[in-house]
Every structure is written in structure tokens, then in C-alpha cells.
Amino acid sequence: MKINNTLTLIISKNLAKRFGVSIDPKRDSGIRLLRKLVEEDAISDDQFQLAVKIMNVCNKAVHGEHVSYEQALSIIDSADVRR
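Residues numbered from 1 in each chain as written. Predicted model: local features only at pLDDT ≥ 70, side-chain atom pairs only at ≥ 80, totals over all residues. Heavy atoms only, no water.

## Observations regarding the overall build of the chain
Phase 1: Counting its regular elements, the chain contains 4 helices and 0 strands.
Phase 2: Reading the chain from its N terminus to its C terminus gives the helix and strand order α-α-α-α.
Phase 3: Contacts in the chain between residues far apart in sequence, at least 24 positions, make up 34% of those at least 6 positions apart. (Helix = DSSP H or I, 4+ residues; strand = E, 2+ residues; numbered from the N terminus. Contact = heavy atoms within 4.5 Å.)

## Quick notes on helix α3 (residues 45-62)
Phase 1: Taking 1.5 Å of rise per residue, 18 residues should cover 26 Å, and α3 covers 25 Å from first to last C-alpha, within 8% of that figure.
Phase 2: Backbone geometry just downstream of α3 places Gly64 in the positive-phi region, at approximately 80°. (Expected span 1.5 Å × (residues − 1).)

## Overview of the packing of aromatic side chains
Phase 1: Tallied over the entire structure, the rule returns 0 aromatic pairs.
Phase 2: The ring centre of Phe19 lies 5.4 Å from the NZ or CZ of Arg18, which sits over that ring. (Phe/Tyr/Trp six-rings, centres within 6.5 Å; stacked < 30°, edge-to-face > 60°. Lys NZ or Arg CZ within 6 Å of the ring centre and 35° of its normal.)

## Thoughts on unusual backbone geometry
Leave glycine aside and you will find that most residues have negative phi; peptide bonds, for their part, are mostly trans.
Phase 1: Phi angles above zero are rare outside glycine, and Asp41 is one such case at about 60°.
Phase 2: Structurally, Asp41 is set in the loop between α2 (30-39) and α3.

## What about a nonpolar patch on the surface?
Phase 1: Taken together, the side chains of Tyr69, Leu73 and Ile76 present a nonpolar region at the surface, about 340 Å² in accessible area.
Phase 2: Look at Ile76 and you get exposed, because its relative accessible area is 58%. (Patch = residues over 30% accessible without salt bridge, like charges linked within 9 Å, V, L, I, M, F, W, Y side chains within 5 Å. Areas by Shrake-Rupley, 256 points an atom, 1.4 Å probe, with all protein chains shown as cover. Salt bridge = Lys/Arg side-chain N within 4 Å of Asp/Glu carboxyl O. Buried < 20%, exposed > 50% of the residue type's maximum accessible area, 1.4 Å probe, protein only.)

## Description of the packing of α2 against α3
Phase 1: Interaxial distance between α2 and α3 falls to 9 Å at its minimum, and their mutual angle equals 170°. One finds that α2 runs roughly antiparallel with respect to α3. Where α2 abuts α3, its residues Ile31, Leu34, Arg35 and Val38 lie against Asp45, Phe48, Ala51, Val52 and Met55.
Phase 2: Residues that form the contact of α2 with α3 fall into these classes: 7 nonpolar, no polar and 2 charged. (Axes fitted to C-alpha atoms, helices over the stretch in contact; angles between N-to-C directions. Parallel < 35°, antiparallel > 145°, perpendicular 65-115°, else oblique. Nonpolar A, V, L, I, M, F, W, Y, C, P; charged D, E, K, R; others polar.)

## What about the packing of α3 against helix α4 (residues 69-78)?
Phase 1: Running from N to C, α3 and α4 point in directions that differ by 160°, and their axes come no closer than 10 Å. In terms of their interaxial angle, α3 and α4 are classed as roughly antiparallel. Along this stretch, α3 crosses α4, giving a crossing that reads as left-handed. Facing α3, whose interface residues are Leu50, Lys53, Ile54, Val57 and Lys60, α4 presents Gln71, Ser74, Ile75 and Ser78.
Phase 2: Classifying every residue of the contact of α3 with α4 by side-chain character gives 4 nonpolar, 3 polar and 2 charged. (Left-handed = near helix turned anticlockwise from the far one by under 90°.)

## Comments concerning the nonpolar core
Phase 1: The biggest cluster of nonpolar side chains holds 10 residues, and these are Ala16, Val21, Leu34, Leu37, Val38, Ala42, Ile43, Phe48, Val52 and Met55.
Phase 2: Breaking this core down by element, the ones donating at least two residues are α2 and α3.
Phase 3: Look past the residues within four positions of Val21 in its chain and what remains in contact with it is Ala16, Lys36, Leu37 and Glu40. (Core = buried A, V, L, I, M, F, W, Y, C linked by side-chain atoms within 4.5 Å.)

Distances and angles like these do not, on their own, reveal function.
Laid out in C-alpha cells, this is it:
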């Protein structure tokens, strides 16, 4: 499993547990768990989009692709997510 998917899965499982969102460990990937959290109003759409953006950049880096300063800065700028 890719490292960013593993991290997303860990974070999502912890959020799901905290908010009482039921999960199926065999079927629910990190992104699927994030979607469930949105559906259950545990996280906002903005928070979901930020998590997806982070996953995409991490995936590039893990696979040896270049991540530009602008891409990293874009994520940092996006991190001002409203509750």
C-alpha cells in the first residue's frame, strides 16, 4: 500500500472512530473513508478537498516525480480550511 494511502487510512479511521462513522476495513480505502466523513458531516467539503490535494502531491513525491515549490505552496495556502 502506498505510504500516503496508509497515512490517509490511519487518519480517516481515527476520525471515523471519533465521529462514530461505521467503516469496513476490508472495503474502505482512505479516500472512501474521507467521503464517508463528508457524508456524515464529520469533515467539510473544503477539508476533503485539502486531504485529496495533499494525497496527490504526496503520491507524486513517493513515486519520484518532481513536486514544485508552487505545488507545495498551493497546499500550504489551502490549509486555511474553515470549520
